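The lines below spell out each chain.
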Amino acid sequence: DQAFQESLRQKLRAPLAKALRTAIEGDDMQTIEALCGISANLRAGDFSSEVEVWTRQRIRGAISSKQNLAWVVEVLGYALKLPQVDQQAAAKDLTKDMASRCVRGFLDGSVMPEQINQVGAVRQILAACAGNFDSELFEIMEQHYDHPDLATKAVNWLVAYCEHNGCDGPKYLH
């Protein structure tokens with residue numbers, strides 16, 4: 001009956017909240033995802049705000065890390081798929097930072113033209129949520145386009161990116 005269900009939900013809220021805090025402290029994405037799903041299915045509490053804060057911190061930490069871009073893409077994709085995350089808001093805030101992180105991969109040589117699929121994965125994840133990744137990426141890359149030591153590398157990288165993603169290149173390439 002309805003009263004029993006509500007009573008059960010009330011009893012589950014505290015243990016679910018504690019388990020979620022423990023998972024957040026341990027950066028355990030799989031457990032966070034499972035607990036969010038359980039909470040939503042049982043209607044045993046809304047943990048959106050806690051998960052949202054953790055998600056943004058986790059993604060920002062990944063962006064600023066020295067880890068390779070493939071790992072950052074994995075964290076980004078996984079975190080934005082959590083059921084209690086406002087994907088539109090999170091992705092919108094992250095688009096410029098992720099574009100900068102991708103350009104950092106270009107500059108430090110960790111993302112070569114033949115690895116452009118990693119940047120394409122970022123584009124795909126963020127395009128589903130925010131949509132303006134290309135313009136942010138092209139704007140940041142423009143600073144390096146005229147640099148004598150980077151011009152050829154920048155052109156090759158941008159051409160590979162545009163070919164991989166089937167998009168038009170920035171105006172400064174034409």
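All figures in this text were calculated on a predicted structure; none of them were measured in a lab.

Parameters and conventions
Throughout, a residue's number is its position along its own chain's written sequence, starting from 1. Whole-chain, interface and lining totals are the exception, using all residues; otherwise, since this is a predicted model, local features are given only for residues with pLDDT of at least 70 and side-chain atom pairs are given and counted only at 80 or more. No hydrogens and no water enter the side-chain calculation; it runs on all heavy atoms of the structure. A fitted line through C-alpha atoms serves as each axis, taken over the contacting stretch for helices, and the angle formed by two N-to-C directions is quoted from 0 to 180°. For the purposes of this entry, the term helix denotes a DSSP run of H or I that reaches at least four residues, the term strand denotes a run of E that reaches at least two, and both are numbered from the N terminus. Working definition: roughly parallel below 35 degrees, roughly antiparallel above 145 degrees, roughly perpendicular at 65 to 115 degrees, and oblique for all remaining angles. The contact criterion used throughout is that any non-hydrogen atoms of two residues lie within 4.5 Å. By the convention adopted, Pro, Cys, Tyr, Trp, Phe, Met, Ile, Leu, Val and Ala count as nonpolar, Lys, Arg, Asp and Glu as charged, and the other residues, Gly among them, as polar. A 1.4 Å probe rolled over the protein chains alone gives each residue an accessible area, and that area as a share of the maximum for its type sets the label: buried under 20%, exposed over 50%, partly exposed in between. Nine residue types can take part in a nonpolar core, namely buried Ala, Val, Leu, Ile, Met, Phe, Trp, Tyr and Cys, and a core is a set of them joined through side-chain atoms within 4.5 Å. This count recognises Lys and Arg as positive and Asp and Glu as negative, with His and chain-terminal groups excluded. Should a side-chain nitrogen of Lys or Arg be within 4 Å of a carboxyl oxygen of Asp or Glu, the pair is scored as a salt bridge.

S.K.: For this particular structure, what's the right way to read the packing of helix H3 (residues 48–64) against helix H4 (residues 69–80)?
M.R.: When two helices pack together, their arrangement is given by the angle between the helix axes and by the axis-to-axis distance. Two numbers describe how H3 lies on H4: the axes approach to 9 Å, and their chain directions differ by 170°. Comparing their axes, H4 and H3 come out roughly antiparallel. Residue-level contacts link Thr55, Arg58, Ile59, Ala62 and Ile63 of H3 to Trp71, Val72, Val75, Leu76, Ala79 and Leu80 of H4. Among the residues forming the contact of H3 with H4, the class breakdown is nine nonpolar, one polar and one charged.

S.K.: Help me understand the environment of Cys162, please; the structure alone is not making it clear to me.
M.R.: Its place among the elements puts Cys162 in helix H8 (residues 151–165). On the basis of relative accessibility, which here comes to 9%, the residue Cys162 falls in the buried class. For the pair Cys162 and Ile116, spaced 46 residues apart in sequence, the C-alpha to C-alpha distance is 9.4 Å. Setting aside its immediate chain neighbours within four residues, Cys162 contacts Phe138, Cys167, Asp168, Gly169 and Pro170.

S.K.: Can you walk me through the packing of H3 against helix H5 (residues 87–108) in this structure?
M.R.: Interaxial distance between H3 and H5 falls to 10 Å at its minimum, and their mutual angle equals 10°. As the angle between them shows, H3 and H5 are arranged roughly parallel. Here Glu52, Arg56, Ile59, Arg60, Ala62, Ile63 and Ser64 of H3 lie close against H5, whose contacting residues are Ala89, Ala90, Asp93, Leu94, Asp97, Met98, Arg101 and Arg104.

S.K.: Before we go on, may I ask you to explain the nonpolar core in this structure?
M.R.: What tends to happen in soluble globular proteins is that the nonpolar side chains get buried as a cluster. With 53 residues, the main nonpolar core has Val119, Phe133 and Leu137 as its most contacted residues. Put simply, the parts of the chain that give this core at least two residues each are helix H1 (2–25), helix H2 (29–42), H3, H4, H5, helix H6 (117–127), helix H7 (133–145) and H8. Ranked by residue count, the leading element in this core is H5, at eight residues. Apart from residues no more than four positions distant in its own chain, Phe133 is found in contact with Thr95, Met98, Ala99, Cys102, Val119, Val122, Arg123, Leu126 and Tyr161.

S.K.: So what exactly am I meant to see when it comes to unusual backbone geometry here?
M.R.: Where the residue is not glycine, phi is negative for most of them; where a peptide bond is considered, it is trans in most cases. With a phi close to 55°, Asp27 is a non-glycine residue in the positive phi region. Looking at where Asp27 falls in the secondary structure, it is placed in the loop between H1 and H2. Despite not being glycine, Arg43 has its phi angle at roughly 50°, a positive value.

S.K.: Explain the environment of Ala34 here, please?
M.R.: Its location among the elements puts Ala34 in helix H2. What makes Ala34 partly exposed here is its relative accessible area of 40%. Once the C-alpha coordinates of Ala34 and Asn132 are considered, the two residues, 98 residues apart in sequence, prove to be 31 Å apart.

S.K.: Help me out: how do you make sense of the side chain of Arg101 in this one?
M.R.: Here Arg101 lies in helix H5. Lacking a salt bridge, the buried Arg101 has Asp108 as its closest oppositely charged neighbour, with an N-O distance of 5.3 Å. Other than its neighbours up to four places away in sequence, Arg101 contacts Ala62, Ile63, Ser65, Gln67, Asn68, Leu69 and Val72.

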